[in-house]
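# A closer look at the structure
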There are 2 protein chains.
Amino acid sequence: MSHPYRPRPVSGFPELLPEVRRVEQAYLDKIRRTFERHGFASIETPSVEELDVLLAKGETDKEIYVLERLQADEATAKDARLGLHYDLTVPFARYVAQHFNALTFPFKRYQMQRVWRGERPQEGRFREFQQCDVDVIGVDNLALSFDADIPAVAMEAIASLGVGDVRLHVSNRKILDGYLAALGIEDRVAAIRWLDKRDKIGDRAVIDGLVASGAATQAAQRAVALAAIPVGDAAWADKARALLPAPNAIFDTGVEELSTVLDTLAALGVANVAADLSLARGFDYYTGSVYEGRFIDYPGFGSVVAGGRYDDLAGSFINKKLPGVGISLGFSRLFAKLHAEGRLPIGASTPTQVLVALPSDERRMLALATAKQLRDRNLNVETYHAPQKLARQLTYAEKKGIPYVWFPPFEDGQKHEVKDMAAKTQNEADPATWVPS
Amino acid sequence: MSHPYRPRPVSGFPELLPEVRRVEQAYLDKIRRTFERHGFASIETPSVEELDVLLAKGETDKEIYVLERLQADEATAKDARLGLHYDLTVPFARYVAQHFNALTFPFKRYQMQRVWRGERPQEGRFREFQQCDVDVIGVDNLALSFDADIPAVAMEAIASLGVGDVRLHVSNRKILDGYLAALGIEDRVAAIRWLDKRDKIGDRAVIDGLVASGAATQAAQRAVALAAIPVGDAAWADKARALLPAPNAIFDTGVEELSTVLDTLAALGVANVAADLSLARGFDYYTGSVYEGRFIDYPGFGSVVAGGRYDDLAGSFINKKLPGVGISLGFSRLFAKLHAEGRLPIGASTPTQVLVALPSDERRMLALATAKQLRDRNLNVETYHAPQKLARQLTYAEKKGIPYVWFPPFEDGQKHEVKDMAAKTQNEADPATWVPS
């Protein structure tokens, strides 16, 4: 055709070349392996939920993509409206409510799926991206030990990628809640939202915001003092108590829980954990532990993982109290950043370990049999497709990053040989016993 | 809440309980492993394409889901319209065209992703399902040997699942095309579509259809004769030649190619392969080899895998000739059928191999350390969360199908013990060396 339609990338929907996809797959495999080693079960939910489910918690600031059939008809008009899920928490809540009787609690699940948000493309955000979530859900109550298990798993998953050390910032929403209550601040949801912005807008603007949302000026000034306790300060509990203007039971519970979680994380051998009382996590539904993992050498990156404890997962869907704790790894954002900075270990564009060269059409069956023999030993093997010049066959291997080229006997009486493409060495080899070095 | 929204399954969007999902994951892993062992590289494309791309080949009878932002605004109105992909071939074609200069050819890729079709829910079809595609693409030409490689990989992938023997039906579109030309039938695209329906509507209706689309009555009657050659008849070539009313070069090429493909499949050790000249595959774009894999003991199932050779993958997108051959495994349909018939090996609902019992709160650190020791040896391990009665801890393991329960010493001086839940035996064990039996 002379005037083909020129395809172009769709903004916000990235895709990867095969050699980059290989790294992505390896990373996702490692994350999955960690989740499973800790006994979390995989679930997947449909990409689509009824719009009523996506909006069950009330308005969301997430931009939802709604589906319309291209060839809509009367029958369609009667269907429930469907939307692509914008996170994995709402679908998980719906899943647990719907399958409640078929699940065993505490239910430990991981979920690694794409999610969609109809962000404006010009803002350069992803509109389709991969999240890796791990949560545990109980009925009526859930042991505090899970508040240490969950971030431990997440930290191990990140460590398995070898992309940099992450510090786990931990706090407990009850500390902040009790502290604000003791200061006489009534609209604590609004206050926590303001405090969550402290990193971005600074103390001055936070104090103004607190005052604007009804706090007394002095209380607003003291509210930010808790966040000034240095990250990882061993005396965080004493310093927090010293700031407290009046006894508060919720505050005390928060301090106790956070201490226990930190102790358990230490016992689990998790390194780089720091109490961080400035951590607010601006989501209304967190009620206890809150976490954020940040690169130690790359503070500008923001959070690699984030999560916390919530009182009730699925209250919009079922008359059960289902407390849980979970954490989410924003995989696509992490991967894209590492990619953009050239920090990915990009290698071959194929899983092939051995390319079996094709000496001639007459010896094709021998080449195929050799490939099969190697493949049966669980090696990834392909046979070159045409009896072309050896230089061309070697170029194919080189371009794809295939580490070994195998030469079956080109004439009767010769032996098999294998060439190590990196070492540029070639040696006799037996397809029944050879292993890559 | 007293009146929660009751979630219900959305028709056409199935989801699985954890114990079923485990089987699905194991199956998908096996398919992936087979594809990689044969040197196919993974790619994934966005779930979404511009509508122009999805419709680039002209009208499609696939029902496309179009995305609309819930909170549409003026900026949105200017964006290109986006739709969810309905297969993996169109996105692959767009991918190859877009990244042409970054790929090495022949390009061997596999792609395992969800696709969406806005089918009417009342027809009980899936509206979201998983496909597993494997294709190889060349530039200008592509060796015939790939026409055997591709179905060999697909057959090995199915065999790895152990869900029943599949017979591979193979034909070559050129045989039918040359035969119909020799019969003087002009609208061969229409004729092949009619012949493709033979299984469903019978010879009589096919002949009527051929006549209605312009064929002479006698030619129409002879057209179905090729399809009457028995499946797997060793003399298929002679019998086909005997039916040919006049010499035809395209027919001859088809016979030669099919013979070579069958010989190569035999050399590759693929069992259960049969020439089947009734195989039409009603897609216009197939130009050579065509395949369909069907269960031997379950003919009503239809095709498990299907595919063929096409002359040009991406002509709508790039001024290059990109011939290819590929096959697609409709995973969701296969899995759902096996599930509905109780033929899946469903077991535990968790990957956990060992549950470490918690003797008491005092011994929690010992239990956690034991779990870590086992986990570091790459076992999947969880620790019970509360020092409850042992009966309750054992019930948890039993309900989730966890095969071993580990008892760290409940008192100083005791040894570790492990209980095999199936064998109902309990023995001393060392966490540094124990392996599941």
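Residues numbered from 1 in each chain as written. Chains lettered and ligands numbered in written order. Predicted model: local features only at pLDDT ≥ 70, side-chain atom pairs only at ≥ 80, totals over all residues.

Glancing now at the overall build of chain A. If you tally the helices and strands in chain A, you get 14 helices and 16 strands. Here chain A has a C-alpha radius of gyration of 28 Å; the compact-globule value for 437 residues is 22 Å, and the former is much larger. When each of the 437 residues of chain A is scored for burial, the buried share is 44%. Long-range contacts, defined here as pairs at least 24 residues apart, represent 69% of the contacts in chain A between residues at least 6 apart. (Helix = DSSP H or I, 4+ residues; strand = E, 2+ residues; numbered from the N terminus. Rg over C-alpha atoms; globule rule 2.2 N^0.38 Å. Buried ≥ 20, exposed ≤ 12 C-beta atoms within 10 Å, placed from the backbone. Contact = placed C-beta atoms within 7 Å.)

Glancing now at the environment of B:Val206. Residue and element names in this part refer to chain B. With respect to the element layout, Val206 can be found in helix 8 (residues 198–212). Sequence separation between Val206 and Ser437 is 231 residues, and the spatial gap between their C-alpha atoms is 59 Å. When sequence neighbours within four positions are dropped, the list of residues in contact with Val206 reads Trp194, Leu195, Lys197, Arg198, Ile201 and Val224.

Further remarks concern the packing of helix 7 (residues 188–196) of chain A against helix 8 (residues 198–212) of chain A. All names here are of chain A. Helix 8 packs onto helix 7 with a crossing angle of 145° between their chain directions and a minimal axis gap of 7 Å. Counted together, Ala191, Trp194 and Leu195 of helix 7 and Arg198, Val206, Gly209 and Leu210 of helix 8 form the full contact between these two elements. Here the contact of helix 7 with helix 8 is built from residues that sort into 5 nonpolar, 1 polar and 1 charged. (Axes fitted to C-alpha atoms, helices over the stretch in contact; angles between N-to-C directions. Nonpolar A, V, L, I, M, F, W, Y, C, P; charged D, E, K, R; others polar.)

The next point concerns the interface of chain B and chain A. Each side of the interface is counted separately: chain B has 82 residues, and chain A has 81 residues. The element contributing the most residues to the side of chain B that touches chain A is helix 1 (residues 18–37) of chain B, with 6 residues.

Taken domain by domain, chain A comprises domain 1 (18–340) and domain 2 (354–428). Placing a centre on the C-alpha atoms of domain 1 of chain A and another on those of domain 2 of chain A gives a separation of 51 Å. (Domains from an automatic or database assignment.)

Residues and elements named next belong to chain A. Closest axis-to-axis distance for the helix 6 (residues 173–182)/helix 7 pair is 11 Å, and the angle between their directions is 115°. Pair helix 6 / helix 7 crosses with right-handed handedness. Note on element contacts: helix 7 touches helix 6 through Arg188, Ala191 and Ile192, opposite Leu176, Asp177, Leu180 and Ala181. Considered class by class, the residues forming the contact of helix 6 with helix 7 number 5 nonpolar, no polar and 2 charged. (Left-handed = near helix turned anticlockwise from the far one by under 90°.)

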